[in-house]
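# Examination of the molecular architecture
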Amino acid sequence: MTHTDIPTRCLALQLKLMDALDTAWAILERSHDPAEIRKVRDKAKAIGDLAAMARKVALIVPTARKPPVDVLAAGLAAVQGGAGLGVMAAPLAAPLAAPLAAQAEHARRALDKLKGGRRGRL
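## So, the overall build of the protein
In terms of helices and strands, the protein carries four helices and zero strands. Reading the secondary structure of the protein in the N-to-C direction produces α-α-α-α. Looking at the 122 residues of the protein, the share that counts as buried comes to 12%. Sequence-distant contacts in the protein: of pairs separated by 6 or more residues, those separated by 24 or more amount to 52%. Here the protein displays about 10,200 Å² of accessible surface, and carbon together with sulfur accounts for 65% of that area.

The following block contains the structure:
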């Protein structure tokens, strides 16, 4: 099973579960037998448990990720060094420098908090 099959299968399963729940509801509406009502309620509870599990499985499927900025920067450096396209690659390097600097600043602050530096000392 591939990652693209999982959402399709979860949707199909949820449709089947909704049909089964509609059938159980129809039995509840027309029946007055306590044993049959108890049986249908147990069935509806099992349907709900299966539906919850299907939702959890659907949420597990990873989404498409963007490549990390450092990988993009390394690729850009390889292009600059290997092809001698420094003039063409310079406009591409500027947008990558700002996120790298922001990420470094965020990491530095988080490390300071962990070390208990500045205001965080006890």
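Back to the write-up after that little detour.
## A word on a nonpolar patch on the surface
Together, L11, L15 and M18 make up a nonpolar patch on the protein surface, roughly 300 Å² of accessible area in all. Along the chain, L11 falls in helix 1 (residues 5–30).

## Quick look at the packing of helix 1 against helix 2 (residues 34–60)
Helix 2 packs onto helix 1 with a crossing angle of 165° between their chain directions and a minimal axis gap of 10 Å. Our classification of the angle between helix 1 and helix 2 gives roughly antiparallel. Considering how the two elements wind past one another, helix 1 and helix 2 form a crossing that is left-handed. The segment helix 1 lies against helix 2, with I6, C10, L13, Q14, L17, A20, L21, A24, I27 and L28 engaging E36, I37, V40, A44, I47, L50, A51, A54, R55, V57 and A58. In terms of residue class, the contact of helix 1 with helix 2 is made up of 18 nonpolar, one polar and two charged.

## Examining the side chain of S31
On the secondary structure map, S31 appears in the loop between helix 1 and helix 2. A distance of 3.3 Å separates the side chain of S31 from the backbone nitrogen of D33, its partner in a polar contact. Those residues in contact with S31 that sit more than four places away from it in its chain are E36 and I37.

The rules behind each value
Counting restarts for each chain, with residues numbered from 1 along the sequence as it is written. For a predicted model such as this one, the threshold for reporting local features is a pLDDT of at least 70, and the threshold for listing and counting side-chain atom pairs is 80 or more; totals across whole chains, interfaces and linings nevertheless cover every residue. The basis for every side-chain value is the complete set of heavy atoms in the structure, and neither hydrogens nor water enter the calculation. Only runs of H or I of at least four residues qualify as helices and only runs of E of at least two qualify as strands under DSSP, and these elements are numbered from the N terminus. Partly exposed residues are those whose accessible area sits between 20% and 50% of the maximum for their type, while under 20% is buried and over 50% is exposed, using a 1.4 Å probe and protein chains only. By the convention used here, residues are in contact when the closest approach between their heavy atoms is within 4.5 Å. Each accessible area value is a Shrake-Rupley result obtained with a 1.4 Å probe; residue values ignore everything except the protein chains displayed when judging cover. The residues that make up patches have over 30% relative accessible area and no salt bridge, and they are joined within 9 Å when like-charged or within 5 Å when they are Val, Leu, Ile, Met, Phe, Trp or Tyr. Within this document, salt bridges are pairs made up of a side-chain nitrogen of Lys or Arg and a carboxyl oxygen of Asp or Glu, the two lying within 4 Å of each other. To get an axis, a line is fitted to the C-alpha atoms, and for a helix only the part in contact is used. The angle between two axes follows their N-to-C directions and goes from 0 to 180 degrees. Roughly parallel covers angles under 35 degrees, roughly antiparallel covers those over 145, roughly perpendicular covers 65 to 115, and oblique covers all other angles. Put simply, a crossing is left-handed when the front helix is turned counterclockwise from the back one by less than a right angle, and right-handed when it is turned clockwise. As a working rule, the residues Ala, Val, Leu, Ile, Met, Phe, Trp, Tyr, Cys and Pro are called nonpolar, Asp, Glu, Lys and Arg charged, and the rest polar, with Gly in that last group. Side-chain atoms alone can form a polar contact between residues adjacent in sequence; in general such a contact is a pair of N or O atoms within 3.5 Å, and within protein one must be able to donate a hydrogen while the other accepts it.

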